[in-house]
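Inside the fold
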Amino acid sequence: MEPTKPSKVHLPDNRGLRYAAQVIAQGGTVAVPTETVYGLAARADHDAAVAGIYRAKGRPDFNPLIVHVPDVTAAQAYAVFDDRALALAKAFWPGALTMVLPRRSDAELAAAVSAGLPTVALRCPAHPVMQALLKTCGLPLAAPSANRSGGVSPTSAAHVAASLGDRVDVILDGGETERGIESTIVGLREDGTWALLRPGPITEAEIAAVLGAGSTAVHSTQIEAPGQLASHYAPGKPVRLNAEAARAGEFLIGFGAVDGQVSLSASGDLAEAAARLYACLHLGADAPETLIAVAPVPNDGIGAAINDRLRRAAA
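The paragraphs below set out a description of the structure included in this document. Since the model is a prediction, treat every value here as computed from it, not as a measurement. (Residues numbered from 1 in each chain as written. Predicted model: local features only at pLDDT ≥ 70, side-chain atom pairs only at ≥ 80, totals over all residues. Heavy atoms only, no water.)

1. Some words on unusual backbone geometry
Note that the residue after Trp-93, namely Pro-94, is joined by a cis bond; omega there is -5°. The residue Pro-94 is located in the loop between α4 (83-92) and β5 (97-102) in this model. Unusually for a residue other than glycine, Asn-242 sits at a positive phi of about 55°. Here Asn-242 is to be found in the loop between β12 (239-240) and β13 (250-254). Using a relative accessible area of 54% as the deciding quantity, one classes Asn-242 as exposed. (Helix = DSSP H or I, 4+ residues; strand = E, 2+ residues; numbered from the N terminus. Buried < 20%, exposed > 50% of the residue type's maximum accessible area, 1.4 Å probe, protein only.)

2. Some thoughts on the pattern of salt bridges
This model, assessed by the stated rule, comprises nine salt bridges. One salt bridge in this structure joins Glu-35 and Arg-123, with 2.9 Å as the shortest N-O distance. With a gap of 88 residues between them, Glu-35 in the loop between β2 (30-33) and β3 (38-43) and Arg-123 in strand β6 (residues 119-123) connect regions that are remote in the sequence. In this pair, the class of Glu-35 matches that of Arg-123, namely buried. Each of Glu-182, Asp-308, Arg-309 and Arg-312 takes part in one network of salt bridges that share partners. (Salt bridge = Lys/Arg side-chain N within 4 Å of Asp/Glu carboxyl O.)

3. Some thoughts on the sheet that holds β3
Spatially, β1-β8-β2-β3-β7-β4-β6-β5-β9-β10-β11 is the arrangement adopted by the 11 strands of the open sheet, whose pairing is mixed. Edge strands, defined here as strands with exactly one partner in the open sheet, are β1 (9-10) and β11 (216-217). Both β5 and strand β9 (residues 184-188) contribute to a ladder of four bridges, which runs parallel. Each bridged residue has a counterpart across the sheet, and for Met-99 the counterpart in β9 is Val-186. Against the sheet, α4 contacts β5, β9 and β10 (193-198), and its axis sits at roughly 165° relative to β5. Seen against the sheet, helix α7 (residues 204-211) touches β5, β9, β10 and β11 and runs at an angle of roughly 160° to β10. (Pairing = 2+ DSSP bridges. Contact = heavy atoms within 4.5 Å. Axes fitted to C-alpha atoms, helices over the stretch in contact; angles between N-to-C directions.)

4. Some thoughts on the environment of Gly-268
Take Gly-268: it is sitting in the loop between β14 (262-263) and α8 (270-286). Between the alpha carbons of Gly-268 and Ile-306 there is a distance of 13 Å; along the sequence they are 38 residues apart. Setting aside chain neighbours within four positions, we find Gly-268 in contact with Phe-255 and Gly-256.

5. So, the packing of α8 against helix α9 (residues 303-314)
For the pair α8 and α9, interaxial distance at closest approach is 9 Å and the crossing angle is 25°. In terms of axis orientation, α8 runs roughly parallel to α9. The chirality of how α8 crosses α9 is left-handed. Where α8 approaches α9, its residues Leu-270, Ala-273, Ala-274, Leu-277 and Tyr-278 are matched on the opposing element by Gly-303, Ile-306, Arg-309 and Leu-310. Of the residues that constitute the contact of α8 with α9, the class distribution is seven nonpolar, one polar and one charged. (Parallel < 35°, antiparallel > 145°, perpendicular 65-115°, else oblique. Left-handed = near helix turned anticlockwise from the far one by under 90°. Nonpolar A, V, L, I, M, F, W, Y, C, P; charged D, E, K, R; others polar.)

Quick look at the structure:
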């Protein structure tokens, strides 16, 4: 009889955090909850550690990584913050906003986190477990979603274990994530313009309100941030969108008045839908049906972020 392997799942108590920080310091990977989804964290100042993220995820090397920091003071060591960046940090940090900013020439970060770009994506997360890990290890953490690249993002420790298995060194189990959809990403350009690079819990209108009426939003056509690949968040089955009813062989994910085997939100609540999005896609991926259908979701507010993820899942 083979001996039982020790569990990689640890509680985020003092003992678990100290162990996770030790693994991080040695260049390993730790899956950790944020307020959006679980991230696969490694030290962002170490090339070999960042390479470990790429190996675990099978992630394309042209896709940048978000660097997580405990506060705006720490972030300013890695990027140039103008008045707009400081205003957004004051309004939304800690929280679900990632800013893509000019990378400082003296930033002590692995080149891979920027994927060859002159910018760096930075976020100050609000989740107490991620904050505790950042403060315990005292290092910037690169942390994309803790799943195989292109797959459905994880909102629980069980999702991480199912997707990455032996590819992750430690999983800190902080329960289900709150927001259930990745952070909003905004790029602030040196010419004074800005671009919404990935929709998320913080809406474009909320960002525009902070930046003011004189700010100029532009459209981005290049890959500047995580989550911009055309095919992303794929559950491994064909996905049909805007479905009013299931067809033969389809697992239907409902919303509002459209019933399904599961529902993003039976009451039509977009915040609930965002929180349940990846969990429902996981259920669809595990279902016996060979196809997935998703009911129409309004494109208002956070609905734009939900539809963005669904279009990528269907690509």
